[in-house]
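What follows is each chain in one-letter form.
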Amino acid sequence: MSLIYRRGIASMFVISLLLFLCVGALAQPPRGAASAFVVNTQPNAIVWIDEIRRGTTDDSGRLAVTKLRPGRHAVRVRANGFKEVTVTLLPGRRQINVKLVRTTDQAELTFQEAETAREQARDDEAKRQAAELYRQALKIKPAYPEAHVGLARVLLSLDQYDDALAEIAAARRTRRIYPEASAVEGRIHRLAASDEEAIRSYRRAIAEGRGFQPEAHVGLALVLEERGQNAEAIVEFKKALEQLSDSEPVIYQMLGAAHEKVQQHKEAIAAYEKYLSLAPNGNLAPAVRSIMEQLRRDADGQEIIP
């Protein structure tokens, strides 16, 4: 299996996974040993920690979050039919109860419907239906930056680059400092093969997020790698992984492929092993195991060469 083919597969996985990173002011998590805590709220609610989507609560409204660094964190919770809430998790707490209140805000309800439709869309028709729901939300509430960004993501998935950029511009008119909007803008430029514009947008997203913007770090790494700047790409992949707290294993596969390109086979194997430890039954697991076997064979062959 060629590196180019593996890279294409991995890129698609990261793009789809990072689509679920949603909007808001990003907080810089402090360094230190990882811990765990529990969120109690409505059933089937989506939970973000420092704007990283960490999962959905079960039927009892519980979600256990692992590998959380010590310190203050912003916990954002959304459940369909309820008003979205962001609360602060104080240092040392191991549990947080988030009470949600039902909302009658039609713009918010329509936005929630659009978000669900976007996540579940599997074909262009479903994506167009999601786009229409975002437009309905914006018709009710024109100054709704989150809806503009959600619509931009859908339009991007439909290859409507100019329209997607227009939605990002609209979002930034309402919220000037908007890390996620800048990251999505970078992705639009990257897929439109405008590398310089993509790099500028990604770097702006990282600056706006005060260094914490994993979607932008991954996007920037992909652009740098495509330009042959593999060492710089490795740095960006590692930053994204640190910020995501191992919540997106596929990036380890991408890191491994980047190490391969600079002949760092031991580092590549270590990255692939990490991927397999986190996602032993992942879609890429069979290919990763095959790649590791080949790398080990190549390493053994090199060792016996005088």
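Residues numbered from 1 in each chain as written. Predicted model: local features only at pLDDT ≥ 70, side-chain atom pairs only at ≥ 80, totals over all residues. Heavy atoms only, no water.

**Q** How do you make sense of the environment of R135 when you look at a structure like this?
**A** In this fold, R135 is placed in helix α3 (residues 124–140). Sequence-wise, R135 and H148 are 13 residues apart; in three dimensions their C-alpha atoms are separated by 8.4 Å. (Helix = DSSP H or I, 4+ residues; strand = E, 2+ residues; numbered from the N terminus.)

**Q** What exactly am I supposed to notice about the pairing of strand β6 (residues 85–89) here?
**A** The side chains of a regular strand alternate, first on one face of the sheet and then on the other. In terms of strand pairing, strand β5 (residues 73–78) meets β6 through five bridges, oriented antiparallel. Its bridge partner being in β6, A74 is matched across the sheet by T88. Remark: six residues form the turn of the hairpin made by β5 and β6, two consecutive strands paired antiparallel; G81 in that turn has positive phi of roughly 95°. (Pairing = 2+ DSSP bridges.)

**Q** Sorry, what's going on with the packing of aromatic side chains here?
**A** Tallying each qualifying case throughout the model produces two aromatic pairs. With a centroid separation of 5.1 Å and an interplanar angle of 35°, the aromatic rings of F111 and Y144 are classed as tilted. With F111 in helix α2 (residues 106–120) and Y144 in the loop between α3 and α4 (145–157), this pair connects stretches of sequence that are 33 residues apart. Residue F111 is classed as buried on the basis of its relative accessible area of 4%. Given a relative accessible area of 7%, Y144 falls into the buried group. A connected cluster of aromatic rings, assembled from ring pairs, spans F111, Y134 and Y144. Seen from the ring of W48, R76 lies directly overhead, with NZ or CZ sitting 3.9 Å from the centre. (Phe/Tyr/Trp six-rings, centres within 6.5 Å; stacked < 30°, edge-to-face > 60°. Buried < 20%, exposed > 50% of the residue type's maximum accessible area, 1.4 Å probe, protein only. Lys NZ or Arg CZ within 6 Å of the ring centre and 35° of its normal.)

**Q** Before we go on, may I ask you to explain the nonpolar core in this structure?
**A** One recurring pattern in soluble globular proteins is that nonpolar side chains are buried together. In this structure, F237, I251, Y272, Y275 and V288 are the most contacted members of the largest nonpolar core, which totals 41 residues. Mapped by element, the contributors of at least two residues to this core are α7 (195–208), α8 (214–226), α9 (230–244), α10 (250–261), α11 (265–278) and α12 (285–303). F111, A114, Y134 and L155 belong to the second-largest nonpolar core, a separate cluster that totals 25 residues. (Core = buried A, V, L, I, M, F, W, Y, C linked by side-chain atoms within 4.5 Å.)

**Q** Got a minute to help me understand the pattern of salt bridges in this structure?
**A** Pairing is possible between side chains of opposite charge, provided their charged atoms come close. In the structure shown here, the tally under the stated rule is 18 salt bridges. Here R78 ties to E115 by a salt bridge, and the two come within 3.2 Å at their closest N and O atoms. Remark: E115 occurs in helix α2 and R78 occurs in strand β5; sequence separation between them is 37 residues. The residues R78 and E115 share a single accessibility class, namely buried. (Salt bridge = Lys/Arg side-chain N within 4 Å of Asp/Glu carboxyl O.)

**Q** Where do I start with α3 in this structure?
**A** Think of an α-helix as turning once every 3.6 residues; residues three or four places apart then point the same way. In a regular helix each residue adds 1.5 Å, so 17 residues correspond to 24 Å; α3 covers 25 Å between its end C-alpha atoms and thus fits that length. Along α3, the residues classified as buried are A130, A131, L133, Y134, A137 and L138. Viewed along the axis of α3, the buried residues span an arc of 155°, placing them on a single side of the element. Next to the buried residues of α3 lie α2, α4 and α5 (161–174). (Expected span 1.5 Å × (residues − 1). Arc of directions from axis to C-beta. Contact = heavy atoms within 4.5 Å.)

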